[in-house]
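# Breakdown of the fold
Each chain, written out:
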Amino acid sequence: MRLRPSADLIALISDGLYADKGLDSADMTAALADLEIIEGKLLAAVDEMGVVLARTSMSPVIYEVLDFACGICDANGELIAQSNGLTLFTGTFSAQVRFISRKFAGRIRPGDAFITNDPFEGGTHSCDMAVVQPIFVDNEIIAYSISVAHWLDVGGAIPGSLPPDAVDTFQEGLRLPGMRLCENGELLPEIADLIRVNVRLPLLALGDLNAELAATRIGERRLAAICGRYGAVAVKNVFESILSLSERRCRNAVALLPDGVYEATDVIDGDGVSDEQIPVCVAVKIDGDQVSVDFTGSAPARGGPINCSRGALLSAVKTVFKALVAPHAPSNDGWFRPLEIEIPGGTVFSAESPSPVGWYYEGSSQASELVWKALAPLASNRFSAGSYMSLCATYLYGQRPDSDDLFVHIEPQHGGWGATESRDGASALIASTDGDTFNYSVELLEAILPLRVREYSLNVGDGSGAGRHRGGFGVVREYEILTDAAYLHGSLGRSQERPWSVGGGTQGSVNYVDVTSASGSKRIARIKQMALAQGDTVRICTGGGGGWGDPSERPIEAVESDVVNGYIAVEDAVADYGLDPTRLSSVV
C-alpha cells in the first residue's frame, strides 16, 4: 500500500505544480507520495554522511564539536538536502559546487573528486576544506555530494592557521583553488603530498580528508541506490519539486509580512590589527513576496582578519532569513529564491583577495546580527534581542610536556542570547552562525590535552540585560595550563559594544578573556600570540543577552526566583527592577 501524501504535497496538487505533467489525480497522488519518500531518503542520506564524517575523522573539532556539514546539490549546483551542522555552510555549498563545475567543465568523469578551500570562490576561510564528488547515473552527472569540515591546521603563520593579526590571506595557510583530488576513485598522491608538507598536523589533516571523502562517497552510493529504485528521471523531478515547493512556501510566508524597509546599524569592535570600531549597516526591504538585504554603506575591508567574503555573507543572511520564514523545515535552495543580497565589492562583508579572512565568522556573525536586529521588531515571535553574537573562538596550542609533539586546541564558546517578547533569553547557547555544534566535554579535553578545566559555569557575575524578560547568561570556561610551552590567541567580538535590547530593556554584557600568570592578570579580546607557562590560567567569559521590555513589568515572582537561584544579586534586583530589598532578603 502506498503512503498517503502529506498536507504539503496535497497542496502541490491544488497549486497546480503537476498540472503540466499529463497525470490524472490517482497518478498525481502516487507521484507525490514517491516525492515524499524520496525526499526522506535524501535527508537520511545527508544525515548518514554526517555520521560517517564524525565517526571517521581524527580531529576533536570535527568529531566532538561537529564543525562540519554535508549536503547534496543537483547538477546545477542548487542545494537539495543538507545535514544538520554549521549554518555558516548553508550558503557555501552551491557556490563551491558551481565553482568546481565551472572550472572543470567537460573534464569531470566518474570516480573523480575535487577539493577546495578558496575563501574567494564560495568558501569561508582556509581551514574549512570542501570535498566535492560528482554523482553519475548512466554517464550523466545527476548531482554532487559535498562535505565541508574545519581542519585544525592548514599551515600559515601560526599553529591553527588563524593569526588574529594577519594582514593578508597568505598568512592564513594553504589555499587550494579547486583541484582534482581523486581519479578513478583513487586519491591522487601528489595532492596528499602537497597537503602533508604544508600543514603542521599531517596525520590529522589526511585523516580528516579521508573522512570527508568517505562522507561524499556515502552520498554517492545512497543517491545511486535511490536512482536505481525510482529512476534518474523521477529523482530529477523530485529535485525540481523540492525546490519549487520550498519556494512557494517561502513566498507565502514573506507575503504575510508588512512591506517596508527595516534598517539597523552597529559597530564591530576592532579587526585584530586596530582597535578602531568599524561601522556597519543594513537595510532589509520587503516587497510583496520578495526580500532584498542591502549592506551598502558598511565599512571597507579591513587590514585585520575579521573580514568575510561573499560566500560567508550569503550563509549569514540565509541563516537569519530561514529563521524568519521556516526555521524547522529542512534547508534547500528553494527557500532562498525570493532573497536578494546587495553589497558592493571590497567591504568588510564582501572582502576580496588578498584581504585576510581567517576570522571570517566574526564578520559574518556581525552580518547575521545586523539582519536579526533589523527584523526583530517585525518578527518578535521568532527573533530575540541582541546576543553575545561572537563565537569567541580561542586557540590554545604548544608542546606536550611528555613529548615534542604539537597540540592544537580550537574552541568556539557558548554564550547568552537575548530575551524575546514571550520568554527570557537562552543561556549557554552557541551563536546562530554555528548551528548545531557542541561544546567540548571536559573529560575529553583533560584526557587528550595538557589542560585542566578549573571552572565551567554560567557567567552570572557579569549578568545580562534586564527587562520584562531578561537576557540569557554567558559562560565562564577557565583553563589551567599544564605545560611550560604553550600559547594563546583568539578573537572575541562584542567586547566593547554590548548586546542590544528591545522595548525598554537594558543591554547585555560583553565578552572577554582574563589571563593570569606569575606577572599578574590581563584582560584581552582580540588576542595576538601570547606565551603561557605551566600554572597560568586562561579564563574565557562570554556575555549575556539583551533584555526585552520594561524591567518594571517583570513579575516579582520571577525576580525572586532569579535571586534564590543565584542568577541575580539582591543589589541588582533592587537597582534593575526597583524591588523592595526587605522583601528580597526574606527569600534569600
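Thresholds, definitions, all that
Residues numbered from 1 in each chain as written. Predicted model: local features only at pLDDT ≥ 70, side-chain atom pairs only at ≥ 80, totals over all residues. Heavy atoms only, no water. Helix = DSSP H or I, 4+ residues; strand = E, 2+ residues; numbered from the N terminus. Rg over C-alpha atoms; globule rule 2.2 N^0.38 Å. Contact = heavy atoms within 4.5 Å. Areas by Shrake-Rupley, 256 points an atom, 1.4 Å probe, with all protein chains shown as cover. Lys, Arg positive; Asp, Glu negative; His and termini not counted. Charge placed at Lys NZ, Arg CZ, Asp CG, Glu CD. Disulfide = S-S within 2.5 Å. Pairing = 2+ DSSP bridges. Axes fitted to C-alpha atoms, helices over the stretch in contact; angles between N-to-C directions.

## Description of the overall build of the protein
Within the protein, the secondary structure is distributed over 13 helices and 20 strands. The C-alpha radius of gyration computed for the protein amounts to 25 Å, which stays within 12% of the reference 25 Å derived for 588 residues, consistent with globular compactness. C-alpha atoms of the protein, sized along the principal axes, occupy 75 × 60 × 45 Å. In the protein, of all internal contacts separated by at least 6 residues, the share reaching a separation of at least 24 is 72%. On the protein, roughly 21,900 Å² of surface is accessible, and the fraction owed to carbon and sulfur atoms is 49%. When the 46 positive and 76 negative side-chain charges of the protein are each reduced to one mean point, those points stand 4 Å apart.

## With respect to the state of the cysteines
Evaluation of the coordinates by the stated rule reveals zero disulfides. Lacking any disulfide linkage, Cys-70 is separated from the closest cysteine sulfur, that of Cys-73, by 12 Å. The thiol sulfur of Cys-182 is not disulfide-bonded, and the nearest other cysteine sulfur, from Cys-70, lies at 16 Å.

## Focus on the sheet that holds strand S11 (residues 339–342)
Here we have four strands laid out as an open sheet, ordered S8-S9-S10-S11, and mixed in their pairing. A single partner strand is all that each edge strand has here, and the edge strands are strand S8 (260–269) and S11. With strand direction ignored, the average angle separating the axes of adjacent strands in the sheet is 15°. Where strand S10 (residues 290–294) and S11 come together, four bridges link them in parallel fashion. When the bridges of S11 are listed, Val-291 appears paired with Leu-339.

Everything listed here is a matter of coordinates, which is why it stays silent on function.
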